[in-house]
Amino acid sequence: VQLQASGGGLVQPGDSLRLSCTASGRTFFSNAMGWFRQAPGKEREFVAAISRSSANSDYADSVKGRFTISRDNARNTVYLQMNSLKSEDTAVYSCAAFTSPYEITGRYESDYVYWGQGTLVTVSS
């Protein structure tokens, strides 16, 4: 599985942005998907995750209520809608995947097998 993230950019505080992550292959529907981010000088951290058929989702407390993860299995794509962006959301955002027959999500990097390259989100006035 190859993952390609896109949609990053420079926005102002309070703005919205939608990230996309498109996967190669025919098995996207069998993968749980997640978004992680890494701010300059900090460890990579969990942002959001969604199960294979969207039955379950999970969010970091720092983004809950502002970010929404969704997926379109017909398009092999997972999205991260980010609203009310703050300067502390500035980071490189990466998508990740792991295969599971169950409707589960993962919060830890070690849960994930496949990783895409990151897309930079900068929130600044």
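Residues numbered from 1 in each chain as written. Predicted model: local features only at pLDDT ≥ 70, side-chain atom pairs only at ≥ 80, totals over all residues. Heavy atoms only, no water.

**Student:** So what's going on with the packing of aromatic side chains? Which residues, and what values?
**Tutor:** Applying the stated criterion across every chain, the model contains 5 aromatic pairs. With 5.1 Å between their ring centres and 55 degrees between their planes, Phe-36 and Trp-115 make a pair best called tilted. Taken together, the residues span a long stretch of sequence, with Phe-36 in strand β4 (residues 31-38) and Trp-115 in strand β10 (residues 114-115) at a distance of 79 residues. Residue Trp-115 is classed as partly exposed on the basis of its relative accessible area, which comes to 28%. One cation-aromatic arrangement involves Arg-44 over Trp-115; the distance from NZ or CZ to the ring centre is 3.9 Å. Sitting over the ring of Phe-28, Arg-71 keeps its end group 4.4 Å from the ring centre. (Phe/Tyr/Trp six-rings, centres within 6.5 Å; stacked < 30°, edge-to-face > 60°. Helix = DSSP H or I, 4+ residues; strand = E, 2+ residues; numbered from the N terminus. Buried < 20%, exposed > 50% of the residue type's maximum accessible area, 1.4 Å probe, protein only. Lys NZ or Arg CZ within 6 Å of the ring centre and 35° of its normal.)

**Student:** Explain the pattern of salt bridges residue by residue, including any values.
**Tutor:** With the rule as written, the count across this model stands at 7 salt bridges. We note a salt bridge from Asp-58 to Arg-107, for which the minimum N-O separation is 2.5 Å. Here the residue Asp-58 occupies a position in strand β6 (residues 57-59), and Arg-107 occupies one in the loop between β9 (91-99) and β10, the gap between them amounting to 49 residues. A residue is classified by how much of its surface remains accessible, and Arg-107, at 34% relative accessible area, is partly exposed. Asp-72 serves as the salt-bridge partner of Arg-75, at 3.2 Å between the closest nitrogen and oxygen. Because the salt bridges share partners, they merge into one network encompassing Arg-37, Glu-45, Arg-66 and Asp-89. (Salt bridge = Lys/Arg side-chain N within 4 Å of Asp/Glu carboxyl O.)

So, to be careful, I would describe these as geometric facts and stop short of saying anything about function.
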